[in-house]
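# Remarks on the overall topology
Chain residues, written in single-letter form:
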Amino acid sequence: MTMLTLKINGEDKTAQVEGRTLLVDFLRDGGLTGTHVGCETSQCGACTVHLNGAPVKACSVFALEAEGAEITTIEGMATRNGDALGLSSIQAAFKEHHGLQCGFCTPGMIMSAAALLKEVPKPTVAQIRSHLEGNICRCTGYHNIVKAIMAASGQDVSDVAAE
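It should be emphasised that the depicted structure is a prediction, and the values quoted were computed from it without experimental measurement.

### Here's the deal with the side chain of Gln 91
- Its location among the elements puts Gln 91 in helix H2 (residues 89–96).
- Overall, the relative accessible area of 12% leaves Gln 91 in the buried class.
- Every residue in contact with Gln 91, bar those within four places of it in the chain, is listed here: Ile 74, Met 77, Ala 78, Gly 86 and Ile 110.

### Remarks on empty space enclosed by the protein
- Applying the stated criterion across every chain yields a total of 1 cavity of 30 Å³ or more.
- The volume enclosed by the largest cavity comes to roughly 30 Å³.
- Lining the largest cavity are His 36, Val 37, Gly 38, Cys 39, Glu 40, Cys 44, Cys 47 and Cys 59.

### Structural notes on the nonpolar core
- If you look at the biggest cluster of nonpolar residues, it comprises 24 residues, and the most contacted ones within it are Ile 90, Phe 94 and Ile 149.
- Among the elements of the structure, H2, helix H3 (106–119), helix H4 (125–131) and helix H5 (143–152) are those that each provide at least two residues to this core.
- Broken down by element, the residue count for this core peaks at 7 residues, all from H3.
- Discounting residues that sit within four places of it in the chain, Ile 90 has contacts with Met 77, Ile 110, Ala 113, Leu 117, Ile 149 and Ala 152.
- Of all hydrophobic cores here, the second largest spans 21 residues; its members include Leu 4, Leu 23, Cys 47 and Val 61.

### What to know about the sheet that holds strand S4 (residues 54–57)
- Read across the open sheet, the 5 strands follow the order S2-S1-S5-S3-S4; overall the sheet is mixed. Two strands in the sheet have a free side with no partner beyond their single neighbour: strand S2 (11–17) and S4. Each neighbouring strand pair of the sheet contributes to a mean axis angle of 40°, computed without reference to strand direction.
- Sheet topology note: the strand S1 (residues 2–8)/strand S5 (residues 70–72) ladder contains 2 bridges and is parallel. Each residue of the ladder has a partner; that of Ile 8, found in S5, is Ile 71.
- Set on the sheet, H3 makes contact with strand S3 (48–51), S4 and S5; between it and S3 the angle comes to about 40°.

### So, the packing of H2 against H3
- The geometry of H2 relative to H3 is characterised by a closest axis approach of 10 Å and an angle of 125° between their N-to-C directions. One finds that H2 runs oblique with respect to H3. In the crossing of H2 with H3, the sense of the turn from one axis to the other is right-handed. Contacts between H2 and H3 involve Ile 90, Gln 91 and Phe 94 from the first element and Thr 106, Met 109, Ile 110, Ala 113 and Leu 117 from the second.
- Counted by class, the contact of H2 with H3 contains 6 nonpolar, 2 polar and no charged residues.

### Regarding the pairing of S1
- Strand direction decides the pairing type here: S1 and S2, joined by 7 bridges, are antiparallel. Note that in S2 the partner of Met 3 across the bridge is Gln 16.
- Connecting S1 to the antiparallel partner S2 that follows it, the hairpin turn spans 2 residues, and Asn 9 within it adopts a positive phi of roughly 50°.

### Considerations on unusual backbone geometry
- At Ser 42, a residue that is not glycine, the phi angle is positive and equals roughly 70°.
- Using a relative accessible area of 26% as the deciding quantity, one classes Ser 42 as partly exposed.
- In this structure, His 98 is a non-glycine residue whose phi angle is positive, near 50°.
- Mapped onto the secondary structure, His 98 falls in the loop between H2 and H3.

About the cut-offs
- Residues numbered from 1 in each chain as written.
- Predicted model: local features only at pLDDT ≥ 70, side-chain atom pairs only at ≥ 80, totals over all residues.
- Heavy atoms only, no water.
- Helix = DSSP H or I, 4+ residues; strand = E, 2+ residues; numbered from the N terminus.
- Buried < 20%, exposed > 50% of the residue type's maximum accessible area, 1.4 Å probe, protein only.
- Contact = heavy atoms within 4.5 Å.
- 1 Å grid on protein atoms, 1.4 Å probe; cavity = no way out; pocket = protein on both sides within 12 Å on 5 of 7 lines; lining within 4 Å.
- Points joined across faces, edges and corners; volume = space filled by probe spheres on them.
- Core = buried A, V, L, I, M, F, W, Y, C linked by side-chain atoms within 4.5 Å.
- Pairing = 2+ DSSP bridges.
- Axes fitted to C-alpha atoms, helices over the stretch in contact; angles between N-to-C directions.
- Parallel < 35°, antiparallel > 145°, perpendicular 65-115°, else oblique.
- Left-handed = near helix turned anticlockwise from the far one by under 90°.
- Nonpolar A, V, L, I, M, F, W, Y, C, P; charged D, E, K, R; others polar.

This is the structure:
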């Protein structure tokens, strides 16, 4: 066992971990179950988190590789209004534009979308679709996910056509 220290959603966390522990398992075992385990092969993107601001698939990173890093999970996306937590703008857009159905892929989609919007504040539909290639949704067909990301960027979604 090795001691691991990192910052998760703004809070310092220190724990003993085995060398083989994946970041996704470390997060979930620590109570952050919004980070989903999907394929466990880095294909589906359900486990996407931000590692020092960059999106990574937490099933492809050993927890010890994140030593000293800042991790943001879907739980860390919430906004604070006094003592209450609320949805971030991207979470609210997914809700408003029905960018989810079963919800399994949603945390990873939101984390990937947030990274895109940080990099490209007003992405095109093509940019959104390209950026989401590492995230799989088996329910929605992606149309409403694209609309939600466009809405979160402050763009008009009335002419977003289904492809």
